[in-house]
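# Structure assessment
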Amino acid sequence: MTYALRLRDVHKRYGRQVALDGLNLDIERGAVLGLVGKNGAGKTTAMSIAAGLLRADSGTIDLLGMGGFRPKLHRGRVTILPQDARLPTHARVRDTLVFLARLQGLTRLQAIDAADEMLTWVDLKDRATSPLGTLSHGMFRRVTIAQAFLGSPELVLLDEPTSGLDPKQVVQIRYLIRSRRAQATIVISSHILSELETMCDHVAFIENGRTIRDGKLEDVTNRQKIISYSVASETVPVEVITAALPDCGVHFSASAKLLTVSQRTESSSPADINARLLPVLLEHGVPILEIRLGSNLEKEYLQQVQ
Amino acid sequence: MIGFSLRDIGIVARHDVTDSFRSRKAILWVLLYLISALAATFFFTIALREIESEVARLARIGETRQAGVMTQSLWESNSFRRMVEGLVGDRDLAESLIRKPPLVLFFGWLSLTFSPFLIVLLAGDSISSDVASGASRFILTRIDRFSWVTGKLAGQALVLLAAIVASGIGAYGVGMFRLAGFAYGSTAVGLLVACLKAWAYCLPFLGLAVGVSQLSRKVPLTRILSIVLYFSGSILALISDHMAGDGWRRIWELLYILLPQGHRRSLWIDDPQHLVSAGLFFVALCVLYYVSGYIVFARRDA
């Protein structure tokens, strides 16, 4: 397995404040990984260290199998959307992207092409000559996302890409990021777990500067092992269901009106379980509102940190 | 080991110049230098006229309509030449001073005296402001820190040159209208040379400001620190010039060499040997100052 980013036992302090306390993180090439953690958990610090903006106190960092960040080796291959970083407001949109693309090693013509491609992608071609200060917050964020994807980078670090945006803008940004999946390894930090669930295939929980859990999203949320049925009834025939699904654990929460079926072995697929369970529920007149594979990220995260 | 790329330095410098003009920072610099030169030269011509009128009154000769006629005659007299030689105590220096039109001398004094302070005042946040706003984060994942800092320094040096040349043009304009017997050609050439000398002299101060601006992301702190270091350096230059001598006092001489003021005198002598040596010292001091700041910047968080 090849990794886009590996952090090993990384420590970082700001004065007396411990930001990273032996952080370990492995991110496979091609993954879209969500970094989950509360404010101050160390997400931004981890990303900034990976991008060479902050110096780690100790530990090893390996980017694309070439060691720690070195501009000569990594420029254009590793990019970042820094959190809360501002670009000069008087600078023009296209000029800024061309300047940044040139710093990645592109020739002037290549840089102009790359900037125009990105402006088309983020739907800002008509604002190419506008000063950055005249853009709305959402448009500005799209410019910063565009710079992160300039020139086909291999690893893109996005720190809170949707913070401060309205719901429509969030959907736009989410769509943009999803459209780049499979073209690069993408690491996204966010507090909005439902958002990460729709964009990521891997996830890592960070708490107090350490990784407390990481893996594929389907494993973390037990998508292959748990099926949740949201029903419109306070009672379900649990004994009948247990008899119909002898290889599964069955739990019903009357207050949440939620029936949870968990596989003890991997003998049955979710489709098999549905085929055996749904007739029982319908036969007993239990209205089914929603079927969901696995638990959700929010629940898993809260369980993990509690 | 410091790694850098000339290509990246060039791109950053060019962008910094464009950016400075777009942000009106460069326009502010140019206007500040231009207005200062216009005002100072204007008052210089008034003062000159006052002095000439006073001399005319005392000598009971007729007053001239414009300033500069009497000064020009005085300038060309042998007795004045001997007086200057006696004053500066150096024949080469006196010869070189006398050869310059009075306006060029005045502009040279003005630009060498005030330009360094202005550059320290204006460039003390050149790096810290970008680090504070986070703008540097978009750049430092693309190029090494040294290329960025050097590119910024080069960009600021070009803006500074534009500002000094603008002040020279301002002085030329005022002189043209207000001085009698204005020598168009020699004054233009003299002012251009004076501009280049002033620019070279300002480079260490620019290096100092850029060096200090790398020490912290706090913009007011780096601005204040630049000004404090500028004044401390000026005072140290005065003390070391005064204290320099034989024996252990040579240490003051050594210290004086490490300050730009220690090479200022060479700028007044029109001799390639002096000018080249002073120019090289200014470039070396500029590099020394900003690299000292870079050593801290290279090791800290951006």
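Residues numbered from 1 in each chain as written. Chains lettered and ligands numbered in written order. Predicted model: local features only at pLDDT ≥ 70, side-chain atom pairs only at ≥ 80, totals over all residues.

## Remarks on the overall build of chain B
- Looking only at helices and strands, chain B has 13 helices and 0 strands in total.
- N-terminal to C-terminal, the α/β element order of chain B is α-α-α-α-α-α-α-α-α-α-α-α-α.
- Each principal axis of the C-alpha distribution contributes one length, and for chain B these read about 75 × 50 × 30 Å.
- Expressed as a percentage of the 302 residues in chain B, the buried residues total 45%. (Helix = DSSP H or I, 4+ residues; strand = E, 2+ residues; numbered from the N terminus. Buried ≥ 20, exposed ≤ 12 C-beta atoms within 10 Å, placed from the backbone.)

## Re the confidence of the model for chain B
- Confidence in the prediction for chain B averages 89 pLDDT; 98% of positions are at 70 or higher.
- This complex was scored by the predictor with a pTM of 0.85 and an ipTM of 0.84. (pLDDT = per-residue confidence, 0-100.)

## Some words on the domain arrangement of chain A
Residue and element names in this part refer to chain A.
- According to the domain assignment, chain A consists of domain 1 (3–220) and domain 2 (226–305).
- Look at where the C-alpha atoms of domain 1 and domain 2 centre, and you get two points 38 Å apart.
- Taken together, the contacts link 12 residues of domain 1 with 8 residues of domain 2.
- Contributing elements (two or more residues each) for the side of domain 1 that touches domain 2: α7 (193–199), β8 (202–207), β9 (210–216) and α8 (217–220).
- Ranked by residue count, the leading element in the side of domain 1 that touches domain 2 is α7, at 4 residues.
- When grouped by side-chain class, the residues that make up the side of domain 1 that touches domain 2 number 7 nonpolar, 1 polar and 4 charged. (Domains from an automatic or database assignment. Contact = placed C-beta atoms within 7 Å. Nonpolar A, V, L, I, M, F, W, Y, C, P; charged D, E, K, R; others polar.)

## Thoughts on the nonpolar core
- Ala50 and Leu157 of chain A together with Ile119 and Leu206 of chain B are the most contacted members of the largest nonpolar core, which has 147 residues in total.
- Here this core gets 15 residues from one element, more than from any other, and that element is helix α10 (residues 184–212) of chain B.
- Discounting residues that sit within four places of it in the chain, Ala50 of chain A has contacts with Leu5, Leu7, Ile61, Leu63, Phe69 and Leu157 of chain A.
- Core analysis: the next-biggest nonpolar cluster, separate from the first, contains 10 residues, Tyr229, Leu245, Leu259 and Leu277 of chain A among them. (Core = buried A, V, L, I, M, F, W, Y, C linked by C-beta atoms within 7 Å.)

## Some thoughts on the packing of helix α1 (residues 6–22) of chain B against helix α9 (residues 145–178) of chain B
All names here are of chain B.
- Interhelical geometry of α1 versus α9 gives an angle of 45 degrees and a closest axis separation of 7 Å. By the angle between their directions, the pair α1 and α9 is classed as oblique. Seen from above, α1 lies across α9 with right-handed handedness. Only Ser147, Trp148, Thr150, Gly151, Lys152, Ala154, Gly155, Gln156, Leu158 and Val159 of α9 make contact with α1, whose side of the interface consists of Asp8, Ile9, Ile11, Val12, Ala13, Asp16, Val17 and Ser20.
- Residues belonging to the contact of α1 with α9 are distributed by class as follows: 9 nonpolar, 6 polar and 3 charged. (Axes fitted to C-alpha atoms, helices over the stretch in contact; angles between N-to-C directions. Parallel < 35°, antiparallel > 145°, perpendicular 65-115°, else oblique. Left-handed = near helix turned anticlockwise from the far one by under 90°.)

## Some words on the sheet that holds strand β12 (residues 258–263) of chain A
All names here are of chain A.
- The strand order across the open sheet formed by 4 strands is β11-β12-β10-β13, and the pairing between neighbours is antiparallel. Edge positions in the open sheet fall to β11 (248–253) and β13 (288–293), since each of these has one partner strand only. Within the sheet, the average angular offset between the axes of one strand and its neighbour, ignoring direction, is 15 degrees. (Pairing = 2+ DSSP bridges.)

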